[in-house]
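# Structure assessment
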Amino acid sequence: MEINYRLGIDIGGTFTDAIVTDGHGEVVAALKTPSVADAPEQAIFHTLEQLQSKGVDTRSIKLFVHGTTLGVNTLIERSGAVTGLLVTKGFRDVLEIRRLRLENTTNLYGDKTQPLVPRQLVKEINERQLADGRVLTELDPEELLRAADELVKDGVTALAISFLHSYANSGHEQQAEQLIRERHPQLFICRSSAIWPQQREYERTLATVMNAYVGERMGSYFNRLQAGIGQYGVSATLLSTMSNGGMMTAARAAAEPVRTLLSGPASGVIGATYIAEQAGISQVVTFDMGGTSVDVALIDGEPAYSTENQVGDFPVIIPAIDVTAIGAGGGSIAWVDSVGVLKVGPRSAGAKPGPACYNRGGEQATTTDAYLHLGILQADRFLGGQMRLFPELAERALTHLGNQLGLNATQTAQAILDVATANMYAQFSPLMARKGVDPRDFTLLAYGGAGPMHAFLMAREVGIRRVLIPPSPGTLCAMGCTVANLRNDFVFTLHKSSRGLAEDELKTRFSSLEQQGRRWIEEEARGGVKLEGTYVIYSADMRYEGQAFDLEVMLSESEISKPEEAKNKFHGQYESVFGISQPEAEVMFVNLRASIVGLLPGKTMAILPQAEASGKPIEARRISFDGQEYQAKVLSREHLTADSRVSGPAILEEYDTTVFIPSGYTIHGDLYGNIIGEAD
């Protein structure tokens, strides 16, 4: 019988994670390989070779979904294409002026963020449309082409077009794109009305510029990847995850890479949502600790979404799963500041040279070196024994750092863990307060290469009583790729008072957005993706007249047909957030939103067979922790069944991570292979 495999790959800054599942959702293979920063596709090719060596027939891969940090890294490193920008006359400084907000209101000497497009590569075009879409000044084709010629002469290879009010009328942008493509077919061109047609001049222009800036590099990468996987017999359509937790074809991602910038963290949250649903847990805080940072998200039945995300120095208006980066990762470097205080991060050793114990040239102590020296990591069983660690190099780095603090290597290692945990707590607690939740009501779902190792320390500090460690936690982001659905978001700026709405205007506008979504689904499905159904999610950004900030209100099919019902829902949501409402006031419908979701079939998870408890320790290892010496039980996770109960201090070892259970917690398994840890 033919096996239809699903392959999910997540390319991180330190490791590239991969997971293969069969038609029942059961994990067939999970592995990690060091990422290759200059050529990310090489890590994928190495992964396919490893899968073949493990007996996985790569010709049977029928779904191949992957996420990459290439786009976001290109932005952060400022290594994108030389990009030009065409704007309406009088708006040349849209990227310079930004929002006139101080990034840090207590720092009056902060450096100004440099725009992705320097001012000399921004050209003004004498055209003008009004907010209602009417044309005030026609586009001058000769002036347009003259500006494009000058930009090409200046070395521009990517071009963004963002005219005033093009969200209301895309005619001038479409005309400009067509004329320039005919003159300069080699340019990578994108227009704001196609990328994200929403009112907010700076954010819309910035999203278009970011798309142009990273598009050329992303397109080249996808072309190399698509050509390379064919050599391994992979004929499946190449798909890419998106910042909103959905996925789209790689061809579409190459044209609209700005939608993939936060795809890695989003994939992890989608995987965590799937795991939590299977386990019957609805309220979850995700804790994704990798080599560089910790990503945190809230799941209350469904993941939270945001249109106020940040990538490097820039805001991103396109909807994405609401993920916040906090604290330090496993590769974060420990150092001593000018007044002798120990700090951990934000600088990371990355994959190369990596922590000192990797023996790849790194000489500075990291969180991973601390775990190895304390005995929590085992040198010859890292990554299932495929990668050996060097305790003597970790000790040397810790000793060197400790000399600056007056501590020995063991004390320094403990101090690194304490500081890293304190960093996380200092950012985690205010984050939970801003979101209005009590973390004690939630379960901490830990994943990433270092997440399970640090999760109980974080839970202990915050007061969370339950921790969930999913199967193959080091590759959960990759697993999220295999359970994601096709999904895309569409927006229309209405900006009308409820008293000015025509009859059926809301319904008509939402129907238009839905039609856009269904056309998109059909185009993506023609790429070879099979779906078992679709559905649409409706919402509107609403506010009282005269206010400057919106609330996104989820709307049912009934409510989009009846503005009064939509208004009442807004009043109720406003009161739940602010404690008051004004039912007599008029309401503004600012932006209408529709998200189309195409459901992939066959996403199930195998239930493990019942077995007798067999959680017998591999060994008893002497570890140092909290300034004390312990004999910790060391177990292989595969021997822990649903009936096993193990109290800390204990260590669970598996291929892609190590789970550390300190004193005060007891763990047990469940039917889905999860580890549940609860405070004693």
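Counting restarts for each chain, with residues numbered from 1 along the sequence as it is written. A pLDDT threshold of at least 70 governs which residues receive local features in this predicted model, and a stricter bar of 80 or more applies before side-chain atom pairs are shown or counted, although totals over entire chains, interfaces and linings include all residues. Where side-chain values are given, they derive from all heavy atoms of the structure, hydrogens and water being excluded.

### Observations concerning the pattern of salt bridges
For this analysis, a salt bridge means a side-chain nitrogen from Lys or Arg found within 4 Å of a carboxyl oxygen belonging to Asp or Glu. Inspection of every chain in the model, using the stated rule, returns 32 salt bridges. The partner of Arg259 in a salt bridge is Glu256, with the nearest N and O atoms 2.8 Å apart. Grouping residues by exposure puts Arg259 and Glu256 together as buried. Across the pair Arg381 and Glu653 runs a salt bridge, and its minimum N-O distance is 2.5 Å. Taken together, the residues span a long stretch of sequence, with Arg381 in the loop between helix 10 (367-374) and helix 11 (391-405) and Glu653 in strand 32 (residues 650-654) at a distance of 272 residues. Take Glu653: its relative accessible area is 10%, and that puts it in the buried class. Overlapping salt bridges bring together Glu177, Arg181 and Arg191 as one network. Relative accessible area decides the class of each residue, using a 1.4 Å probe on protein chains only: under 20% of the type maximum gives buried, over 50% gives exposed, and in between gives partly exposed. Working definition: helices are DSSP H or I runs of at least four residues, strands are E runs of at least two. Numbering for both runs from the N terminus.

### Details of the nonpolar core
Counting 188 residues, the largest nonpolar core has Phe64, Leu86 and Ile180 as its most contacted members. In terms of residue count, the dominant contributor to this core is helix 7 (residues 201-229) (13 residues). Should any heavy atoms of two residues lie within 4.5 Å, those residues are counted as being in contact. Residues contacting Phe64, with those up to four places away along its chain left out, are Leu7, Ile9, Ile44, Ile229, Val234, Ala236, Thr237, Leu238 and Leu239. The criterion is simple. A nonpolar core is a set of buried Ala, Val, Leu, Ile, Met, Phe, Trp, Tyr and Cys residues joined through side-chain atoms within 4.5 Å. Of all hydrophobic cores here, the second largest spans 23 residues; its members include Ala266, Leu476, Val483 and Ile676.

### Digging into the sheet that holds strand 33 (residues 657-661)
In short, DSSP must find at least two bridges between two strands for them to pair. What the 4 strands build is an open sheet, ordered 29-30-32-33; its pairing is mixed. At either margin of the open sheet sits one strand with a lone partner, and together these are strand 29 (619-625) and strand 33. Averaged over all pairs of adjacent strands, the angle between strand axes in this sheet comes to 30 degrees, irrespective of strand direction. Note that strand 29 and strand 30 (residues 628-636) share 7 bridges and pair antiparallel. By the bridge assignment, Ala620 is partnered in strand 30 with Lys633. To get an axis, a line is fitted to the C-alpha atoms, and for a helix only the part in contact is used. The angle between two axes follows their N-to-C directions and goes from 0 to 180 degrees. Running at roughly 30 degrees to strand 33, helix 13 (residues 451-462) makes contact with strand 29 and strand 33 of the sheet.

### Some details on the pairing of strand 24 (residues 466-469)
With 2 bridges joining them, strand 23 (residues 443-447) and strand 24 adopt parallel strand pairing. What sits directly across from Leu445, in strand 24, is Leu468. Following the chain from strand 23 across helix 13 to the adjacent parallel strand 24, one finds a crossover that is right-handed. With 4 bridges connecting them, strand 24 and strand 35 (residues 675-679) associate as antiparallel partners. When the sheet's bridge partners are listed, Val467 is paired in strand 35 with Gly677. For the handedness criterion, the strands are oriented away from the viewer, and a crossover whose path from the first strand over the helix to the second runs clockwise is classed as right-handed.

### Comments concerning the packing of helix 12 (residues 409-434) against helix 13
Each pair of packed helices can be described by the angle between their axes along with the distance between the axes. Helix 13 packs onto helix 12 with a crossing angle of 55 degrees between their chain directions and a minimal axis gap of 10 Å. Classed by the angle they form, the pair helix 12 and helix 13 counts as oblique. Helix 13 is crossed by helix 12, and the crossing has right-handed handedness. Facing helix 12, whose interface residues are Leu417, Ala420, Thr421, Met424, Tyr425 and Phe428, helix 13 presents His454, Leu457, Met458, Glu461 and Val462. Lys, Arg, Asp and Glu make up the charged group, whereas Ala, Val, Leu, Ile, Met, Phe, Trp, Tyr, Cys and Pro make up the nonpolar group; the residues left over, Gly among them, are polar. Tallied by class, the residues present in the contact of helix 12 with helix 13 amount to 8 nonpolar, 2 polar and 1 charged. Put simply, angles under 35 degrees are roughly parallel, angles over 145 are roughly antiparallel, angles from 65 to 115 are roughly perpendicular, and the rest are oblique. Left-handed describes a crossing whose near helix is turned anticlockwise from the far helix through less than a right angle; right-handed describes the clockwise counterpart.

### Here's the deal with the environment of Glu392
Take Glu392: it is sitting in helix 11. For Glu392, a relative accessible area of 45% corresponds to the partly exposed category. Separated by 167 residues in sequence, Glu392 and Leu225 have C-alpha atoms that sit 39 Å apart.

### Observations concerning the side chain of Ser162
Within the secondary structure, Ser162 is located in strand 9 (residues 158-162). By the criterion applied in these results, polar contacts are pairs of N or O atoms within 3.5 Å in which, for protein atoms, one can donate a hydrogen and the other can accept it, and in which residues neighboring in sequence qualify only through two side-chain atoms. Here the side chain of Ser162 touches Thr205 through a polar contact of 2.7 Å, side chain to side chain. Those residues within four positions of Ser162 in sequence are excluded, and the remaining contacts are Leu85, Leu86, Val87, Thr88, Glu173, Ser192, Glu201, Arg204 and Thr205.

### Thoughts on the confidence of the model for the protein
Averaged over the protein, the pLDDT score is 89; the fraction of residues at 70 or greater is 96%. Low pLDDT, under 50, characterises residues 608-613; the stretch is placed with 13 contacts to residues that sit more than four places away or in other chains. What pLDDT reports is the predictor's confidence in each residue, on a scale of 0 through 100.

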